[in-house]
Amino acid sequence: MNTINWSELSFGYIKTDFNVRCYYRNGEWSKPQVETSEEVTMHMAATALHYGQEAFEGMKAFRGKDEKIRIFRMRQNALRLQSSCRGIMMAELPVELFEECITTAVKENERFVPPYESGAALYIRPLLFGTSAQVGVGPAKEYTFLVFVTPVGPYFKEGFKPTPMAIMREYDRAAPLGTGTYKVGGNYAASMQSGVKAAKMGYSAVVYLDAKEKKYIDECGPANFFGIKDNTYITPKSTSILPSITNKSLMQLAEDIGMKVERRPVPVEELATFEEAGACGTAAVISPILRIDDLSEDKTYEFCKEGQPGPISKKLYDKLRAIQYGDVEDVHGWVTIVE
Ligand code: PLP
Ligand code: COI
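Residues numbered from 1 in each chain as written. Chains lettered and ligands numbered in written order. Predicted model: local features only at pLDDT ≥ 70, side-chain atom pairs only at ≥ 80, totals over all residues. Heavy atoms only, no water.

Regarding the packing of helix α2 (residues 74-87) against helix α3 (residues 95-108)
Stage number 1. Packing of α2 against α3 brings their axes to within 9 Å, and their N-to-C directions diverge by 125°. The orientation of α2 with respect to α3, classified from their angle, is oblique. The element α2 and its partner α3 pack so that their crossing is right-handed. Residues Met74, Arg75, Asn77, Ala78, Leu79, Leu81 and Gln82 of α2 form the contact with α3, whose own contacting residues are Val95, Glu96, Phe98, Glu99, Ile102 and Thr103. (Axes fitted to C-alpha atoms, helices over the stretch in contact; angles between N-to-C directions. Helix = DSSP H or I, 4+ residues; strand = E, 2+ residues; numbered from the N terminus. Parallel < 35°, antiparallel > 145°, perpendicular 65-115°, else oblique. Left-handed = near helix turned anticlockwise from the far one by under 90°. Contact = heavy atoms within 4.5 Å.)

This is how it looks when you write it as structure tokens:
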């Protein structure tokens, strides 16, 4: 613990003291239980293992200059987890129980919330999965909800520096009427072949296109996409992407600084017209995109000609971080202070 170099943290797992669990049995959720074990025991025929009946969330807690710990938009994650549960027929966790488990996990591991100056944060990973035996394809009767936390630095090694991404048209991540709008494990398994291939080629993420027509931008691996032009924040509307809470927040912040916001299908060719582009998410925060190579079309779209983040991405990044770390007033009511 004493050896954590907060400002050098990457996005990895570091053991913390406690995790919090709730169990769904006989139609009811148990009270939260605080555990020290990092292990999970379940039946070998659990639906999570065979049929991917698993969903997760990703959120962060931040230590402010005032030493207070703030959790960002927790209720939104609770609601999105409920949506994922409906999507793959798991028992829904009540919002209040979700919030109690998250705040307990953060409080119990308070000493792992990175100091203000480090720029790092405590990543919170809630997950919910089917644990009871089921050999025919169908939903489990029993579920576990678990929250662990781990201190993290930037998701992409560049941090807030422009990073290259690639379009790989020979891969899809999620189908238009599939599970892309849910945060379920299967979507991430489906992205691994392309993700690993892209990483080997030096790209930090794959920019997926819509799987049906390959005409429109979907999202950037584990983050949503946005482009900026003519004082407008433009982000894809698609039935196969995750509704990002960071993106929703950035749309609000863009409006707050007098920009227009458009959420609509974004044709690939429109990339050529953007002054700035970025990937956004809890882990990615804003990762400015240096360039996007459309590999099989042999086309390149460049965004940060001087290798620096664009001015609007920088402004939005600073505004978001200021709210998360408590440097400015939380006018939208986005943070929960852990008492
Ligand atoms: N898209 C995908 C596929 C993700 O995994 C994430 C991360 O959660 C996001 C977008 C960003 O969502 P959020 O801003 O809610 O973290
Ligand atoms: C997040 O941004 O919280 C995510 O869940 C992305 C993750 C898959 C690393």
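Next comes the rest of the description.
Considerations on the site of ligand 2
Stage number 1. As a structural note, the neighbourhood of ligand 2 is formed by Phe11, Phe56, Gly58, Tyr123, Arg125, Tyr155, Lys183, Tyr188, Pro222, Thr282 and Ala283.
Stage number 2. Lys183 is positioned with one of its side-chain polar atoms (N or O) 2.7 Å from an oxygen atom of ligand 2.
Stage number 3. In isolation ligand 2 exposes 290 Å². Once the protein is present, 90% of that is buried.
Stage number 4. In terms of residue class, the shell around ligand 2 is built from seven nonpolar, two polar and two charged.
Stage number 5. Here the shell around ligand 2 spans two domains, and each of domain 1 (6-152) and domain 2 (163-322) adds at least three residues to it. (Near = heavy atom within 4 Å. Polar contact = N/O pair within 3.5 Å; in protein donor to acceptor, adjacent residues only side chain to side chain. Areas by Shrake-Rupley, 256 points an atom, 1.4 Å probe, with all protein chains shown as cover. Nonpolar A, V, L, I, M, F, W, Y, C, P; charged D, E, K, R; others polar. Domains from an automatic or database assignment.)

Some points on the nonpolar core
Stage number 1. Core analysis: the biggest nonpolar cluster contains 40 residues, and Trp29, Val106 and Phe145 have the highest contact counts within it.
Stage number 2. Elements supplying a minimum of two residues to this core: β1 (19-25), β5 (59-63), β6 (69-72), α2, α3, β7 (121-130) and β8 (143-152).
Stage number 3. Broken down by element, this core gets its largest block of residues, seven residues, from α3.
Stage number 4. Aside from chain neighbours lying at most four places away, what touches Trp29 is Cys22, Tyr23, Tyr24, Ala91, Glu92, Leu93, Pro94, Leu97, Leu128, Tyr143, Thr144 and Phe145.
Stage number 5. Listed in part, the 24 residues of the second largest apolar core include Ala121, Ala254, Tyr325 and Trp334. (Core = buried A, V, L, I, M, F, W, Y, C linked by side-chain atoms within 4.5 Å. Buried < 20%, exposed > 50% of the residue type's maximum accessible area, 1.4 Å probe, protein only.)

Observations regarding unusual backbone geometry
Stage number 1. With phi around 55°, Lys214 is a residue other than glycine that occupies positive phi space.
Stage number 2. By the element assignment, Lys214 lies in the loop between β10 (205-209) and β11 (217-220).
Stage number 3. The backbone phi angle of Asp230 is positive, close to 45°, even though this residue is not glycine.
Stage number 4. Note on placement: Asp230 falls in the loop between β12 (223-229) and β13 (232-235).
Stage number 5. Overall, Asp230 belongs to the exposed group, its relative accessible area being 59%.

Some details on helix α7 (residues 311-324)
Stage number 1. Spanning 14 residues, α7 covers 20 Å between terminal C-alpha atoms, matching the ideal 20 Å at 1.5 Å per step.
Stage number 2. Three or more residues of α7 are buried, namely Ile312, Ser313, Leu316, Tyr317, Leu320, Arg321, Ala322, Ile323 and Gln324.
Stage number 3. Positive backbone phi, approximately 75°, marks Gly326, located one or two places after α7. (Expected span 1.5 Å × (residues − 1).)

Notes on the domain arrangement of the protein chain
Stage number 1. For the protein chain, the domain assignment lists domain 1 (6-152) and domain 2 (163-322).
Stage number 2. On a C-alpha basis, the centroid separation for the pair domain 1 and domain 2 is 26 Å.
Stage number 3. Contact residues are listed per partner, giving 20 residues for domain 1 and 16 residues for domain 2.
Stage number 4. The junction of domain 1 with domain 2 conceals about 1,500 Å² of combined surface from both sides, 60% of it contributed by carbon and sulfur atoms.
Stage number 5. On the surface where domain 1 and domain 2 come into contact, there are zero salt bridges. (Buried area = accessible area lost by both parts, 1.4 Å probe. Salt bridge = Lys/Arg side-chain N within 4 Å of Asp/Glu carboxyl O.)

A closer look at a nonpolar patch on the surface
Stage number 1. On the surface, Tyr51, Val135 and Val137 cluster together into a nonpolar patch covering about 340 Å² of accessible area.
Stage number 2. Tracing the backbone through its elements, the reader meets Tyr51 in helix α1 (residues 47-51). (Patch = residues over 30% accessible without salt bridge, like charges linked within 9 Å, V, L, I, M, F, W, Y side chains within 5 Å.)

Points about the packing of aromatic side chains
Stage number 1. Counted according to the given criterion, the structure contains 14 aromatic pairs.
Stage number 2. For the ring pair Phe56 and Tyr188, a centre distance of 4.9 Å and an interplane angle of 65° mean the geometry is edge-to-face. Residue Phe56 is located in strand β4 (residues 54-56), and its partner Tyr188 is located in helix α4 (residues 185-189); the two are separated by 132 residues in the primary sequence. Considered together, Phe56 and Tyr188 belong to a single accessibility category, that of buried residues.
Stage number 3. Between Phe226 and Tyr233 the ring centres are 5.0 Å apart and the planes differ by 15°, which places this aromatic pair in the stacked class.
Stage number 4. Assessed through its relative accessible area of 0%, Phe226 is described here as buried.
Stage number 5. In this structure an aromatic cluster arises from ring pairing among Phe11, Tyr123, Tyr155 and Phe156. (Phe/Tyr/Trp six-rings, centres within 6.5 Å; stacked < 30°, edge-to-face > 60°.)

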